[in-house]
Amino acid sequence: MTPAEKFNALAAFYEQLKTVMAAISVRKGSIPIDSYVGRFFAADVLEMLVSENGGGERLKQYRDEFERVKDLVTPSQKPIHEMTLEEFEKAMNI
């Protein structure tokens, strides 16, 4: 798979994920997307997407979007299951 194909596949997944998250939000009583726990996973996907090559102009759009949510990504220095409650709350900005 070429870098452009990888980027396009991941971008398509991310766009579908946003659609599904919006639908879940509505089903759960129209909760704000900022209150939906899936936003952390979406931020991780977006982080992976912006690290891919081959995005062209679309990559800039995703980078701009990532700048708004980069504080939600899962920290890579320590797995969540090994964190103390305090570390987890700090990492998740709770």
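Up top is the structure.
I will try to describe carefully the structure that is included in this document. Quick caveat, the model's predicted, so the values are computed rather than measured.

About the thresholds
Residues numbered from 1 in each chain as written. Predicted model: local features only at pLDDT ≥ 70, side-chain atom pairs only at ≥ 80, totals over all residues. Heavy atoms only, no water. Core = buried A, V, L, I, M, F, W, Y, C linked by side-chain atoms within 4.5 Å. Buried < 20%, exposed > 50% of the residue type's maximum accessible area, 1.4 Å probe, protein only. Helix = DSSP H or I, 4+ residues; strand = E, 2+ residues; numbered from the N terminus. Contact = heavy atoms within 4.5 Å. Polar contact = N/O pair within 3.5 Å; in protein donor to acceptor, adjacent residues only side chain to side chain.

### Points about the nonpolar core
Thinking step 1. Residues Phe7, Tyr14, Leu46, Leu49 and Tyr62 are the most contacted members of the largest nonpolar core, which totals 20 residues.
Thinking step 2. Listed by contribution, the elements that provide at least two residues to this core are helix H1 (3–27), helix H2 (39–51) and helix H3 (56–69).
Thinking step 3. Considering every element that reaches this core, the biggest residue donor is H2, with 7 residues.
Thinking step 4. With near-sequence residues (within four places) excluded, Tyr14 lies in contact with Ala42, Val45, Leu46, Leu49, Tyr62 and Glu65.

### Let's talk about the side chain of Ser25
Thinking step 1. Position of Ser25 among the secondary structure elements: in helix H1.
Thinking step 2. Using a relative accessible area of 7% as the deciding quantity, one classes Ser25 as buried.
Thinking step 3. Of the polar contacts made by the side chain of Ser25, one reaches the backbone oxygen of Ile31; its length is 2.2 Å.
Thinking step 4. Filtering out sequence-adjacent residues up to four positions away, Ser25 remains in contact with Ser30, Ile31, Pro32 and Ile33.

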